[in-house]
Amino acid sequence: MMIKNAAVFGADGEFYQRTLYTDGERLAERGDEDHTEAGNAAQEILDAQGLTAIPMLVDIHFHGCDGVDFCDGTEEAISRIAAYELKNGIGAICPATMTYDEDTLSGIARAAAAHKNESGADLIGINMEGPFISEKKKGAQNAKYIHCPDADMFLRLQKQAGGLFKLCDLAPEEPNAMECIQKLNKKVTVSLAHTCTDYETARAAFENGASHMTHLYNAMPGISHREPGPIVAAWEAGAHVELIADGIHIHPAVVRMTFELFGKDKVILISDSMMATGLPDGDYSLGGQRVTVTGNRAVLTEDPATIAGSATNLMDCLRHAVLDMGISLGTAVKAAALNSAMAIGADSDYGSLEPGRYANILLVDEKLNIRHMIHKGRIVTDSAREI
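Computed from a prediction, not measured in an experiment: that's the story for all the values here.

What counts and what doesn't
Residues numbered from 1 in each chain as written. Predicted model: local features only at pLDDT ≥ 70, side-chain atom pairs only at ≥ 80, totals over all residues. Heavy atoms only, no water. Pairing = 2+ DSSP bridges. Helix = DSSP H or I, 4+ residues; strand = E, 2+ residues; numbered from the N terminus. Axes fitted to C-alpha atoms, helices over the stretch in contact; angles between N-to-C directions. Expected span 1.5 Å × (residues − 1). Phe/Tyr/Trp six-rings, centres within 6.5 Å; stacked < 30°, edge-to-face > 60°. Buried < 20%, exposed > 50% of the residue type's maximum accessible area, 1.4 Å probe, protein only. Lys NZ or Arg CZ within 6 Å of the ring centre and 35° of its normal.

### Quick word on the sheet that holds strand 6 (residues 45–47)
Within the open sheet, the four strands sit side by side as 5-4-1-6. Their pairing is mixed. Across the chains shown, the open sheet's two edge strands, defined by having one partner strand only, are strand 5 (26–28) and strand 6. With direction set aside, neighbouring strand axes in the sheet form an average angle of 30 degrees. Relative to strand 5, strand 4 (residues 20–23) runs antiparallel, the two being bridged by three bridges. Each bridged residue has a counterpart across the sheet, and for Asp-23 the counterpart in strand 5 is Arg-26.

### Side note on helix 2 (residues 75–87)
Every α-helical turn comprises 3.6 residues, leaving residues that sit three or four positions apart pointing alike. Compared with the 18 Å implied by 1.5 Å per residue over 13 residues, the 18 Å span of helix 2 between its first and last C-alpha is a close match. Looking at the residues trailing helix 2, positive phi occurs at Gly-89, about 90 degrees.

### Details of the packing of aromatic side chains
A complete count under the given rule lists four aromatic pairs for this structure. Between Tyr-100 and Tyr-145 the ring centres are 6.1 Å apart and the planes differ by 40 degrees, which places this aromatic pair in the tilted class. With a gap of 45 residues between them, Tyr-100 in the loop between strand 12 (96–97) and helix 3 (102–114) and Tyr-145 in the loop between strand 14 (126–128) and helix 4 (151–160) connect regions that are remote in the sequence. Owing to a relative accessible area of 16%, Tyr-100 belongs among the buried residues under this scheme. The class of Tyr-145 is partly exposed, set by a relative accessible area of 22%. Ring centres of Tyr-350 and Tyr-358 lie 5.3 Å apart, and the angle between their planes is 45 degrees; on these two criteria the pair is classed as tilted. Taking the relative accessible area as the measure of exposure, Tyr-358 reaches 13% and is therefore buried. The ring of Tyr-358 has Arg-26 lying over it, and the distance from NZ or CZ to the ring centre is 3.8 Å. In this structure, Lys-376 packs its charged tip against the face of Tyr-358, placed 4.6 Å from the ring centre.

Keep in mind that these numbers describe shape and distance, not what the molecule does.
Below, the structure written as structure tokens:
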């Protein structure tokens, strides 16, 4: 396939007028230069005049959508999640577990390992959000199953998952946390999450090998001029930081500040979506707890002051960031595709439109409506979609 006349996203976050070529499932350096009638017939040509080409997005932190949760631990749930995500412009997924006991987490890990990626978005990892967290900052996690950081437990689960765990979240102030970071940082991306940590402890965690922050600002101390906290420690360490730009979790001014502070290479847009995403308002569940969803807001039914994930997919978060929060399109795409892929070591296949990567391409208009979607070199959407 040849896709011509689009403004094409570059890995530097800028856009260039160039032609994209595909060779099977992958992007190629160039296409068939035979301009004869036979040559043109052999190569499908898509004229993208007036459109912008961006890579399909990569969501490395979300829980569910379309009425199912990744922690359901079934092939049916994973396949349904993958289908919904692909339909909404997300080509690769790394869904998150909630805080459960080891037996439950093992079942989830085995279900993920058995998934074949035959349709929908590719399952390329698992984000272990619980149970190594602080009870005081548990948010919507279930306190019953909170567990001290335990490297051996993680490695047992990793074996069950066939190596799919790409992120391991923990609170660095908890017992055994530093030892856990030291043992695991070469095997998985260690992320600080659901934590009461102070600046000094967070800094020590990064010095010991942590390199990531889970949903920045949420479930952690904020910034104070006398107690800078984990956010400043993450900035000094050059960590990747996740950001939920759903219009609920973080004020637009703070989203803009975060991109300015951390830079366009370090911010990762995530959705943190739960099972209600894509469905009407109503009562749902997350991590075994009841959740009430109204519009984009999901809260614990028994504790309405506690946000329980989001009801917004990553493509809509991208739209919020660009259209409502003033983040440039190139910076937002980099955060929602390339940076996320890089954080879990998947950028050789996903997250950009460079040759050799999967030909996962979204052609969008100025309002970021998807006009054409190409997944692994095959057009799966070829008409206007008002979303």
